[in-house]
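Geometric and topological summary
Now for the letters of each chain:
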Amino acid sequence: MKNLRQAPIGSTVKIIKLHGEGAVKRRIMDMGLTKGTEVTVRKVAPLGDPIEITVRGYELSIRKADAETIEVESVS
């Protein structure tokens, strides 16, 4: 399993599954991170937190812990 935190900068990945629970999972889904969505990793802060991504045409910063709950696969 590869998660969003492991995706290299500049890569585009597709969300396969969200592993969060309850309110955390709901918040991630409300931000537009749903199954089948393509996400591009833009930047990672020097200590790895937060991670800036592009999703559905807008920039979004998410915490490292949240990124670890998002299972992804590479887009060819």
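To be clear, the structure that these remarks concern was listed above.
Bear in mind that the values here come from a model prediction, so they are computed numbers and not experimental data.

Let's talk about the sheet that holds strand S4 (residues 51–55)
With antiparallel pairing, the six strands of this open sheet are ordered in space as S1-S6-S2-S3-S4-S5. Bordering the open sheet on either side are strand S1 (2–3) and strand S5 (58–62), each of which pairs with just one other strand. Inspection of the sheet shows S4 paired to S5 by five bridges, in the antiparallel sense. Note that in S5 the partner of Thr54 across the bridge is Glu59.

Some details on the environment of Glu73
Mapping Glu73 onto the fold places it in strand S6 (residues 70–74). Not counting chain neighbours up to four residues away, the residues in contact with Glu73 comprise Val13, Lys14 and Ile16.

Focus on the pairing of strand S2 (residues 12–18)
Bridge count between S2 and strand S3 (residues 38–44): three bridges; the pairing is antiparallel. Of the residues in S3, the one forming a bridge with Thr12 is Thr40. As judged from the five bridges shared by S2 and S6, these two strands associate in the antiparallel manner. Bridge pairing in S6 links Ile15 to Val72.

A word on the environment of Arg5
Examined against the element boundaries, Arg5 turns out to sit in the loop between S1 and S2. What Arg5 contacts, discounting residues up to four positions off in sequence, is Ile51, Lys64, Ala67 and Glu68. At a separation of 2.8 Å, a polar atom in the side chain of Arg5 contacts the side chain of Glu68.

Procedures and definitions
- Residues numbered from 1 in each chain as written.
- Predicted model: local features only at pLDDT ≥ 70, side-chain atom pairs only at ≥ 80, totals over all residues.
- Heavy atoms only, no water.
- Pairing = 2+ DSSP bridges.
- Helix = DSSP H or I, 4+ residues; strand = E, 2+ residues; numbered from the N terminus.
- Contact = heavy atoms within 4.5 Å.
- Polar contact = N/O pair within 3.5 Å; in protein donor to acceptor, adjacent residues only side chain to side chain.

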